[in-house]
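In case you want the letters, here they are:
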Amino acid sequence: MLLAIDCGNTNTVFSIWDGKEFIATWRTSTEWKRTADQYYVWLNTLMRLQNIDADITDMIISSTVPRVVFNLRVLADRYFNTRPFVVGKPGCDLPIDVRVDGGTQVGPDRLVNTVAGFDLYGGDLIVVDFGTATTFDVVADDGAYIGGVIAPGVNLSLEALHNAAAALPHVDISKPQNVIGTNTVACMQSGVFWGYVGLVREICERIRAERARPMRVIATGGLAPLFQQAVDLFDDYQDELTMHGLTVIHDYNKDKAE
Ligand SMILES: Nc1ncnc2c1ncn2[C@@H]1O[C@H](COP(=O)(O)OP(=O)(O)O)[C@@H](O)[C@H]1O
Ligand SMILES: CC(C)(COP(=O)(O)O)[C@@H](O)C(=O)NCCC(=O)O
Ligand SMILES: [K+]
């Protein structure tokens, strides 16, 4: 079975893929100091708790945090006796082209999302991923990653307000009833929520104009449903988009190796 690991700047997600479906998914905070032994104890405990008897033979990693990869490689070697594929590193090819300025290191999560989006929906897509940052990945008609947009994440924006202004509290995001807030928290939520709706709409519109063709918008990431329920911003929402992309890239490389 395949252990797929998607490491973002805030959280790291582990999923076990049995070839047909994900039989388990677990999330931990991203912490580069966590050792292979710590990962294994954590994984093993969860597997036992949920009675999951998985024989992990393969591993694939996408990480936006380069430092965590070392210990994840040790985990693969020491506990699963396998060499992981690491997206963006030698030995892990992509089934799509990447057309960006020379020397650009595109976030592996964005490449994985591009592969997943193209596999599920075909080309001419905008993939919006609500993570630590909110990324827009533009997928050409042939599936190539041709660039995109990086905006501050929703929670990052709220945190920035709190950190910079003495009188602004820590606030969680939610959809405010009105645009005009009548207390500090409601004002902050309105600014970030409705500001974000405008940001997503404007960026997608401008990408469509620049591409001069219809482009479907696919959203992923924990906060996407909050926006989806409020206004019609996306054509579809895929909870496990990045994980799906990891399985596609794994299949592509596995087939080549055999
Ligand atoms: N379902 C959710 N509801 C509310 N906040 C969420 C949800 N999922 C993620 N978040 C928050 O969104 C931010 C980005 O998280 P995540 O999507 O895990 O980012 P990354 O992939 O960059 O690690 C974090 O602050 C996280 O706590
Ligand atoms: C933009 C990102 C920080 C998003 O990371 P995330 O929100 O998933 O943690 C990541 O994709 C990244 O570090 N990108 C490198 C620059 C680029 O993609 O062009
Ligand atoms: K992201």
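Residues numbered from 1 in each chain as written. Chains lettered and ligands numbered in written order. Predicted model: local features only at pLDDT ≥ 70, side-chain atom pairs only at ≥ 80, totals over all residues. Heavy atoms only, no water.

1. Section: the pattern of salt bridges
Here is step 1 of the chain: Here the structure, examined in full by the defined rule, presents 8 salt bridges.
Here is step 2 of the chain: In this structure, aspartate 58 engages lysine 254 in a salt bridge whose closest nitrogen and oxygen atoms are separated by 2.7 Å. Here aspartate 58, found in strand 4 (residues 58-63), pairs with lysine 254, found in helix 7 (residues 241-257); they are 196 residues apart in sequence, far enough to count as distant.
Here is step 3 of the chain: The partner of arginine 110 in a salt bridge is aspartate 137, and the shortest N-O contact between them spans 2.7 Å. Taken as a pair, arginine 110 in helix 3 (residues 108-121) and aspartate 137 in strand 7 (residues 133-139) lie far apart in primary sequence, 27 residues in all. The residues arginine 110 and aspartate 137 share a single accessibility class, namely buried.
Here is step 4 of the chain: Taken together, the shared-partner salt bridges in this structure form one network comprising Asp97, Arg99 and Asp142. (Salt bridge = Lys/Arg side-chain N within 4 Å of Asp/Glu carboxyl O. Helix = DSSP H or I, 4+ residues; strand = E, 2+ residues; numbered from the N terminus. Buried < 20%, exposed > 50% of the residue type's maximum accessible area, 1.4 Å probe, protein only.)

2. Comments concerning the site of ligand 2
Here is step 1 of the chain: Taken together, 13 residues lie around ligand 2, and Asn9, Gly107, Asp109, Arg110 and Ala133 are the ones closest in.
Here is step 2 of the chain: At 3.0 Å from an oxygen atom of ligand 2 is found a side-chain nitrogen or oxygen belonging to arginine 110.
Here is step 3 of the chain: In this structure, alanine 133 approaches ligand 2 through a main-chain N or O atom, which is 2.9 Å from an oxygen atom.
Here is step 4 of the chain: When the free accessible area of ligand 2 is taken as 470 Å², the share hidden by the protein chains comes to 76%.
Here is step 5 of the chain: For ligand 2, the cavity whose grid points lie within 2 Å of the majority of its atoms is the largest pocket.
Here is step 6 of the chain: Elements with a contribution of two residues or more to the shell around ligand 2: helix 3 and strand 7.
Here is step 7 of the chain: Residue classes in the shell around ligand 2 are distributed as 3 nonpolar, 8 polar and 2 charged. (Near = heavy atom within 4 Å. Polar contact = N/O pair within 3.5 Å; in protein donor to acceptor, adjacent residues only side chain to side chain. Areas by Shrake-Rupley, 256 points an atom, 1.4 Å probe, with all protein chains shown as cover. 1 Å grid on protein atoms, 1.4 Å probe; cavity = no way out; pocket = protein on both sides within 12 Å on 5 of 7 lines; lining within 4 Å. Sits in = over half its atoms within 2 Å of the grid points. Nonpolar A, V, L, I, M, F, W, Y, C, P; charged D, E, K, R; others polar.)

3. Re the pairing of strand 9 (residues 216-220)
Here is step 1 of the chain: Counting buried positions along strand 9 gives 4 out of 5 residues, so the element sits mostly inside the fold.
Here is step 2 of the chain: Bridge count for strand 6 (residues 125-130) against strand 9 is 5 bridges, and the pairing is parallel. Bridge pairing in strand 9 links isoleucine 126 to valine 217.
Here is step 3 of the chain: As for the winding sense of the linkage, the β-α-β connection from strand 9 through helix 6 (residues 224-230) to strand 10 (residues 236-237) is right-handed. (Pairing = 2+ DSSP bridges. Right-handed = clockwise from strand over helix to strand, strands pointing away.)

4. Observations regarding the packing of helix 3 against helix 7
Here is step 1 of the chain: Across the interface, helix 3 lies against helix 7 with an axial gap of 7 Å and an inter-helix angle of 85°. By the angle between their directions, the pair helix 3 and helix 7 is classed as roughly perpendicular. Along its contact with helix 3, which presents Val112, Asn113, Val115, Ala116, Gly117, Asp119 and Leu120, the element helix 7 presents Leu241, Thr242, His244, Gly245, Leu246, Val248 and Ile249.
Here is step 2 of the chain: Split by residue class, the contact of helix 3 with helix 7 holds 8 nonpolar, 5 polar and 1 charged. (Axes fitted to C-alpha atoms, helices over the stretch in contact; angles between N-to-C directions. Parallel < 35°, antiparallel > 145°, perpendicular 65-115°, else oblique. Contact = heavy atoms within 4.5 Å.)

5. Focus: the site of ligand 1
Here is step 1 of the chain: Every residue lining ligand 1 is accounted for by Gly8, Asn9, Thr10, Asn11, Arg27, Phe130, Gly131, Thr132, Asn155, Gly222 and Leu223.
Here is step 2 of the chain: Within the backbone of asparagine 9, a nitrogen or oxygen atom sits 3.4 Å from an oxygen atom of ligand 1.
Here is step 3 of the chain: At 3.5 Å from an oxygen atom of ligand 1 is found a side-chain nitrogen or oxygen belonging to arginine 27.
Here is step 4 of the chain: Protein burial of ligand 1: of its 550 Å² of free accessible surface, 62% is covered by the chains.
Here is step 5 of the chain: Of all the cavities here, the one that holds ligand 1 is the largest pocket.
Here is step 6 of the chain: Partitioned by chemical class, the residues of the shell around ligand 1 number 2 nonpolar, 8 polar and 1 charged.
Here is step 7 of the chain: When we break the shell around ligand 1 down by domain, the ones giving at least three residues each are domain 1 (2-86) and domain 2 (108-244). (Domains from an automatic or database assignment.)

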